[in-house]
Amino acid sequence: MSGEISLLGSLVIFIMAVLVGFEVISKVPATLHTPLMSGANSIHGIVVIGGMIIAAEASDPLGYTLAAIAVLFGAMNVVGGYVVTDRMLQMFRKKPTAPKADRKEA
Amino acid sequence: MDQATLSTLFILIGALAAGSFVIGLHYMNSPATARNGNLISAGGMTVAVVTTFVYLLLRDCHEGATCAVGGLTSPALIIIVGGFAIGGAVGLFLALRIAMTAMPQLVSLFNAVGGGAAALVALFDYRNIVGGPDESISTVIFVILGVLIGSITFTGSLIASGKLQGLLPGKPIAVPGGVITTAILGAIALVTTILLVLGAGDSPMLELATEIKTVLLVVLLGTALTFGVTMVLPIGGADMPVVISLLNSFTGTAAAMSGFVLESPLLIIAGALVGAAGGILTKLMADAMNRSLLNIMVGGFGGAEGTQADPTAGGGTVRQVGVDDAAIQLAYAQNVIIVPGYGLAVAQAQHAVRELGDILEDRGVIVNYAIHPVAGRMPGHMNVLLAEANVPYPQLKEMDDINPEFPRCDVALVIGANDVTNPVARTDPASPIYGMPILDVDEAKSIIVIKRSMGRGYAGIDNSLYTNPKTGMLFSDAKAGLEQLIAAVKAL
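What you are looking at is a predicted structure, and each value in this text was computed from that prediction instead of being measured.

Student: Which residues make up helix 11 (residues 323–331) of chain B, and what values do they have?
Tutor: Along helix 11 of chain B, the positions that sit buried rather than exposed are Ala 326, Ala 327, Leu 330 and Ala 331 of chain B. Projected down its long axis, helix 11 of chain B shows its buried positions confined to an angular sector of 125 degrees, all on one face.

Student: An account of the nonpolar core is needed here, citing residue identities and associated values.
Tutor: The biggest cluster of nonpolar side chains holds 197 residues, and the ones touching the most others in it are Ile 46 and Val 71 of chain A together with Ala 270, Leu 273, Val 339, Ala 412 and Ile 415 of chain B. Here this core spans two domains, since at least three of its residues come from each of domain 1 (102–305) and domain 2 (323–491) of chain B. With residues up to four places along the chain from it excluded, the contact list for Ala 270 of chain B reads Ile 43, His 44 and Ile 46 of chain A together with Ala 18, Phe 21 and Ala 255 of chain B.

Student: Any chance you could break down the sheet that holds strand 2 (residues 366–371) of chain B for me, citing the residues and the numbers?
Tutor: Residue and element names in this part refer to chain B. Pairing in this open sheet of 6 strands is parallel, and the strands run 3-2-1-4-5-6 from one edge to the other. The open sheet terminates on both sides in strands that have one partner only, identified here as strand 3 (396–398) and strand 6 (471–475). Averaged over all adjacent pairs, the angle separating strand axes in this sheet is 25 degrees, with direction ignored. As paired strands, strand 1 (residues 335–340) and strand 4 (residues 411–415) are joined by 5 bridges and run parallel to one another. Note that in strand 4 the partner of Pro 340 across the bridge is Ile 415. The strands that helix 14 (residues 381–388) touches are strand 1, strand 2 and strand 3; relative to strand 2, the one it contacts most, it runs at about 145 degrees.

Student: Could you give an account of unusual backbone geometry, naming the residues involved and the relevant values?
Tutor: Residues and elements named next belong to chain B. Here Gln 348, not a glycine, exhibits a phi torsion of approximately 55 degrees, which is positive. By secondary structure assignment, the location of Gln 348 is in the loop between helix 12 (342–346) and helix 13 (350–362). Notably, Asn 390 is not glycine yet its phi reads approximately 75 degrees, a positive angle. The topology assignment puts Asn 390 in the loop between helix 14 and strand 3. Since 21 C-beta atoms lie within 10 Å of it, Asn 390 is described here as buried.

Student: Please give an account of the confidence of the model for chain A that cites residues and values.
Tutor: Residues with a pLDDT of 70 or more make up 84% of chain A, whose mean pLDDT is 83. Segment residues 98–106 of chain A: pLDDT under 50, and 6 contacts once partners within four positions in sequence are set aside and those in other chains are kept.

Student: For the environment of Val 20 of chain A, give the residues involved together with the corresponding values.
Tutor: Considering the arrangement of structural elements, one finds Val 20 of chain A in helix 1 (residues 7–25). Owing to 19 C-beta atoms within 10 Å, Val 20 of chain A belongs among the partly exposed residues under this scheme. Along the chain, Val 20 of chain A and Leu 36 of chain A lie 16 residues apart, while their C-alpha atoms are 15 Å from each other. In contact with Val 20 of chain A, other than residues within four places in its own chain, are Val 22 and Leu 273 of chain B.

Student: An account of the interface of chain A and chain B is needed here, citing residue identities and associated values.
Tutor: Opposite the 85 residues of chain A that make contact, chain B presents 100 residues. A per-element tally of the side of chain A that touches chain B places helix 4 (residues 61–89) of chain A first, with 26 residues. Among the residues making up the side of chain A that touches chain B, the classes are represented as 53 nonpolar, 24 polar and 8 charged.

Conventions we followed
- Residues numbered from 1 in each chain as written.
- Chains lettered and ligands numbered in written order.
- Predicted model: local features only at pLDDT ≥ 70, side-chain atom pairs only at ≥ 80, totals over all residues.
- Buried ≥ 20, exposed ≤ 12 C-beta atoms within 10 Å, placed from the backbone.
- Helix = DSSP H or I, 4+ residues; strand = E, 2+ residues; numbered from the N terminus.
- Arc of directions from axis to C-beta.
- Core = buried A, V, L, I, M, F, W, Y, C linked by C-beta atoms within 7 Å.
- Domains from an automatic or database assignment.
- Contact = placed C-beta atoms within 7 Å.
- Pairing = 2+ DSSP bridges.
- Axes fitted to C-alpha atoms, helices over the stretch in contact; angles between N-to-C directions.
- pLDDT = per-residue confidence, 0-100.
- Nonpolar A, V, L, I, M, F, W, Y, C, P; charged D, E, K, R; others polar.

Given below as structure tokens:
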């Protein structure tokens, strides 16, 4: 892509991000572990961007096929992941509300 | 705008998106802010996707291609727009339609496609660089890792999802050859990896034709896909939460590897965050079951799931309690703790349990819910189910908070939970679950257990709680039993 980031720089970014991940996640209460897993699941859908980039670089039928499946898979991961996480989280309430009134916006 | 500025802007906006993922995960610390956290994360993702699209549109067309718009050829444009339309629609449909009890298999399915996408990006990149000046040893290593991890996740998550959905038997399936098969697959992967790495670089240690390298990578791909299947098949259905969490971590790592290949800091950061998050969650879950990750991965533990045991096998006698009796105990108690387990999830009884809780509260009973970390099929799955049934989350107590409350509680109502309440985890060093943190239900003044039969739990051992003189067993399906209890309490 840009070629401006060295291998060493990338490795440093990777290690720092892993440490940040450890730090942020170890504070999450067990109550939220399922939404958390689902939320993290949607974040790795970022790979859809990789799919878009390779689509732009493809030049033959096989290349286009690989890119098409990657974009399709990635988009499914991102969109589905965030929506299902939101559906779960909107149910967590401090006070009970009238049941069945919460279905619309899901 | 010149190309260098464009590229810089693209990377800077990527940093913004990466920041929103960190903040989003941070907000998941509390149920009160978690939803906003997810929205922030989704916002960052939208910015990242839109920016990438705009970047690709403004970028110069790559050499030798005829571009329709900016840096995109017509097929590329169709792939991106069409891929988002179709993939997004499928994801949206599944996410909106799925029942909360089926959440774990859906997360696993999304995980599978994410891992698959990461593997495809790495594969594509290898085709581009092989035989060219960009085929450096480091890039080849990242490609191999991306293909390996992504493919293992793809098939592994599909198998996990199939097991949870009931498309495949939940019990452990022995792989023909067992350890030998795994060893052979590992050896093939190792040999192809070494050959590919030796064949890379400006002055390779091993001269290999491009065709041979491509074949080697395809062999590696096949091996990884097979390994994903053979890795998950022998693992029992009840260990799937741990496996899904581990595979989630794998997908993050695979995404980070494609980030290295594409030199995209955003992919590296997002992937590493997920890799770390999944790793921590996996460890927390394994700890909650008092088992090592290795022990879980070796598999075969869940063989006794659903086995019928002799009601009196534990040596003690089992006292049955009638619905009316149980209803009187609950209605005239001051303090009731409800202990939901997997049986509640299977019977989809979360709404019934909330109704029972409500009518008890109307009578002035204090009702709390004790949630074991591994109750359900995913860590925290029980919380999601009870939240769906509108139970306010302050009433959902974690194990360490609720355990001191049991001696003060008049009635503990156990619904479809077994191993996580078994006192032998504290008392019997010979027991397979010895040392597992459990809910101290046996310390309650009186215990009512709603259970379909005397069948053993997932660990395949007898539960001494059921022969405790304080315990009354109400043999019934969780939902039917709760509905009978609700009717009986109302009639009082």
